[in-house]
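What follows is each chain in one-letter form.
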Amino acid sequence: MIGLGTPVVKAAVVTDVDQVDGGATVTFTHEGHTRVVTADWVVGADGARSIVRRSAGFTATETAPTAAALLGLAVLDDPANAPRGWVRTERGWTVLNVNHAGFSRIITFDLGGPHEDHRRPLTAEELQETVDRFAGRPVPFRDARSLSRFSDYSRLVDDYRLGRVLLVGDAAHVHFPLGGQGLNLGIGDAIGLGWRLALVARGQADPSVLDVYSRERHACAAGVIANVADQRERMRIGVDGDRLRHELGVLLEDRDRNRALGSAISAQSQPAPSALQDAARGDFAANTVIETDTGITDLIRLHVAAGDRGLLLCGDASESVRAVVEPPWGERVRLIQARNLGPTTVLVRPDGEVAWSGELGDGSELVARLAETFGGSAARARLTSAGTR
């Protein structure tokens, strides 16, 4: 950022964000002084307690907590006999990442109800009592630290964009942290916004592409929140939880369902098959061999060479595709004739996700997807391509 002429200010505390004509102002304190800066766009990546979200006025949909969890690090007195991993008892769950040489991570899950006061500081004594009770025997530890409470509370902003302010990561979504999906979800937000915002900032796309970012990432976060809620129900103590876990075990015996569930839990799209002809929109394009006029290469090398542009891979219909793409999207998409694709055309976004795949036909589907992905007028492009042909 410094090389691009943008100063990086550390230990600054944002206190307010306001919308202004053509941009937004950010008020922050730094080294005892209050400063105000104005930018064309502001991105709030300031976590679950986001000042940007609150001061800008984003609305959100929330679900109340139904479970209580405790977390801490401690040195186990008898690590060899401690309950390892995820252990379910009639009283609750213990999750111990046992470390024989130092601090072990200790988590308890109580699915019987929320914390009476989630703001009350957690003590080592309460964590010890809960672990012992859930395990049904003493699990002694010492030197507890990093103690905290959490729950299955969830929040999802209704829109990731409000005027000139956008959100990414926990500022936009909070969920029960079962499996740590929030990490991949936040990274996906940052990548999905980054290349689009760069197009807008350079004047190569209109702000409508940022609305597409909002719709896309909102759907991803909603899926994670729903998936985590399903996991929570399967953790319930009793007959209902037993039945749901049994049903899941049966489903996981199916390889395709197993893979799809793993993709959902990881908060990533399902990787596309190795053959790009079989790729579907929303999949990450797996690396595959590409035969070009200059020789044999692969998708990764082409993607790296394209830089911040998308890739449009086409086989037999290369000239027709070129007529559709140029001039509206020539600066935003690199056109590659892939001889081994036959009649198939594949549009790969700068983040490696497949935006469209299929046979060109009259070009209307591809044009619509180009307009949605990279901005621009689909109607104007159709007229241009029709005139060219």
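Residues numbered from 1 in each chain as written. Predicted model: local features only at pLDDT ≥ 70, side-chain atom pairs only at ≥ 80, totals over all residues. Heavy atoms only, no water.

1. Digging into the layout of surface pockets
What counts, and what does not: Cavities and pockets were defined on a 1 Å grid built over protein atoms only: a cavity is a set of grid points that admits a 1.4 Å probe from which the probe cannot escape, a pocket is an open set flanked by protein on both sides within 12 Å along at least five of seven lines, and lining residues are those with an atom within 4 Å of any such point. Grid points are joined across faces, edges and corners, and a volume is the space filled by probe spheres set on the points. Segments assigned H or I by DSSP are reported as helices when at least four residues long, segments assigned E as strands when at least two residues long, and all are numbered from the N terminus. Only Asp, Glu, Lys and Arg are considered charged in this grouping, and only Ala, Val, Leu, Ile, Met, Phe, Trp, Tyr, Cys and Pro are considered nonpolar; every other residue, Gly among them, is considered polar.
In this model, the largest pocket occupies a volume close to 1,100 Å³. Going through the elements one at a time, helix 1 (51-56), strand 8 (93-97), strand 9 (104-110), strand 10 (141-151), strand 14 (173-174) and helix 3 (181-201) are the ones with two or more residues in the lining of the largest pocket. When residues in the lining of the largest pocket are grouped by element, the largest group, four residues, is from strand 10. Here the residues of the lining of the largest pocket sort into 14 nonpolar, eleven polar and eight charged.

2. Let's talk about the environment of Leu-360
This is how the line gets drawn: In this description, contact between two residues means that some pair of their heavy atoms is separated by no more than 4.5 Å.
Tracing the sequence through the fold places Leu-360 in the loop between strand 20 (354-359) and helix 9 (364-374). Once the C-alpha coordinates of Leu-360 and Thr-345 are considered, the two residues, 15 residues apart in sequence, prove to be 6.5 Å apart. Ignoring anything within four residues of it in the chain, the contact list for Leu-360 reads Ala-317, Ser-320, Val-321, Pro-343 and Leu-366.

3. Observations regarding unusual backbone geometry
Peptide bonds are trans in most cases, and residues, glycine excluded, mostly fall at negative phi. To keep it simple, the criterion reads: Buried, partly exposed and exposed residues are distinguished by accessible area as a fraction of the type maximum, computed with a 1.4 Å probe on protein chains only: under 20%, between the cut-offs, and over 50%, respectively.
Despite not being glycine, Glu-31 has its phi angle at roughly 55°, a positive value. Locating Glu-31 in the fold gives a position in the loop between strand 2 (23-30) and strand 3 (33-39). Owing to a relative accessible area of 67%, Glu-31 belongs among the exposed residues under this scheme. A positive phi angle, near 50°, is found at Ser-146, a position not held by glycine.

4. A closer look at the confidence of the model for the chain
To be explicit about the condition: Looking at any residue, its pLDDT shows the predictor's confidence there, from 0 to 100.
In the predicted model, the chain carries a mean pLDDT of 88, and 92% of its residues have values of at least 70. Every residue in residues 378-389 scores below 50 in pLDDT, and together they form 15 contacts with partners more than four places removed in sequence or on other chains.

5. Description of the packing of helix 4 (residues 208-234) against helix 9
Test applied: Only C-alpha atoms enter the line fits that serve as axes; for helices the fit covers just the stretch in contact. Angles between N-to-C directions range over 0 to 180 degrees. Angular relationships are summarised with four words: roughly parallel below 35 degrees, roughly antiparallel beyond 145, roughly perpendicular across 65 to 115, and oblique for the angles in between.
Closest axis-to-axis distance for the helix 4/helix 9 pair is 7 Å, and the angle between their directions is 90°. Taken as axis vectors, helix 4 and helix 9 run roughly perpendicular relative to one another. Across the interface between the two elements, Val-209, Val-212 and Arg-215 from helix 4 touch Glu-372, Thr-373 and Phe-374 from helix 9. Looking at the contact of helix 4 with helix 9 residue by residue, the classes come out as three nonpolar, one polar and two charged.

6. A few points about the pairing of strand 7 (residues 85-88)
Using the following cut-off: Paired strands are those between which DSSP finds at least two bridges.
In this sheet, strand 8 lies alongside strand 7 in antiparallel orientation, the contact comprising four bridges. Pairing of Val-87 across the sheet is with Thr-94, part of strand 8. The hairpin formed by strand 7 and strand 8 contains four residues between the paired strands.

7. Things to note about the sheet that holds strand 13 (residues 165-167)
Here we have three strands laid out as an open sheet, ordered 4-13-12, and mixed in their pairing. Across the chains shown, the open sheet's two edge strands, defined by having one partner strand only, are strand 4 (42-44) and strand 12 (161-162).

8. Things to note about helix 2 (residues 124-135)
Using the following cut-off: Under the convention used throughout, the expected extent of a helix is 1.5 Å for every residue step, that is, one less than its residue count. The arc in question is traced by the directions running from the helix axis to the C-beta atoms.
The first and last C-alpha atoms of helix 2 sit 16 Å apart over twelve residues, in line with the 16 Å expected at 1.5 Å per residue. The set of residues buried in helix 2 consists of Leu-127, Gln-128, Thr-130, Val-131, Phe-134 and Ala-135. Taken down its axis, helix 2 places every buried residue within 165° of arc, on the same side. Considering only its buried residues, helix 2 is in contact with strand 6 (68-76), strand 8, strand 9 and strand 10.

9. Here we look at the pattern of salt bridges
Operational definition: The salt bridge definition used is simple: a Lys or Arg side-chain nitrogen within 4 Å of an Asp or Glu carboxyl oxygen.
One pass over the structure, following the stated rule, counts 21 salt bridges. One salt bridge connects Arg-217 with Asp-189, and the closest N-O pair in it is separated by 2.7 Å. Residue Arg-217 is found in helix 4, and its partner Asp-189 is found in helix 3; the two are separated by 28 residues along the sequence. Taking the relative accessible area as the measure of exposure, Arg-217 reaches 7% and is therefore buried. Under the relative-accessibility criterion, Asp-189 is labelled buried at 0%. The partner of Glu-247 in a salt bridge is Arg-243, and the shortest N-O contact between them spans 3.4 Å.

10. Observations concerning the packing of helix 3 against helix 4
Closest axis-to-axis distance for the helix 3/helix 4 pair is 9 Å, and the angle between their directions is 175°. One way to sum up the angle between helix 3 and helix 4 is to call them roughly antiparallel. Residues Gln-181, Asn-184, Leu-185, Gly-188, Asp-189, Gly-192, Leu-193, Arg-196, Leu-197 and Val-200 of helix 3 touch helix 4, and the partners they reach there are Val-209, Leu-210, Val-212, Tyr-213, Glu-216, Arg-217, Cys-220, Ala-221, Val-224, Asn-227, Val-228 and Gln-231. The residue inventory of the contact of helix 3 with helix 4, partitioned by class, reads twelve nonpolar, six polar and four charged.

11. Here we look at the packing of aromatic side chains
Quick reminder of the rule: Paired rings are identified among Phe, Tyr and Trp, the last through its six-membered ring, by centres lying within 6.5 Å, and are further divided according to the angle between planes into stacked (under 30 degrees), edge-to-face (over 60) and tilted (the rest). The criterion is that NZ of a Lys, or CZ of an Arg, lies within 6 Å of the ring centre and within 35 degrees of the ring normal, and then a charge sits over that ring.
Taken as a whole and judged by the stated rule, the model has seven aromatic pairs. Centre to centre, the rings of Trp-195 and Phe-374 are 5.8 Å apart; their planes meet at 55°, and the pair counts as tilted. Note that Trp-195 is positioned in helix 3 and Phe-374 in helix 9, a separation of 179 residues in sequence. Residues Trp-195 and Phe-374 agree in their burial class; the two are buried. Each residue in the set Trp-86, Trp-93, Phe-109, Phe-150 and Phe-176 is aromatic and connected to the rest through ring pairs, giving one cluster. It is Arg-145 that lies over the ring of Phe-103; its NZ or CZ is 3.9 Å from the centre. A cation over a ring is seen here: Arg-164 above Trp-41, with NZ or CZ 4.4 Å from the ring centre.

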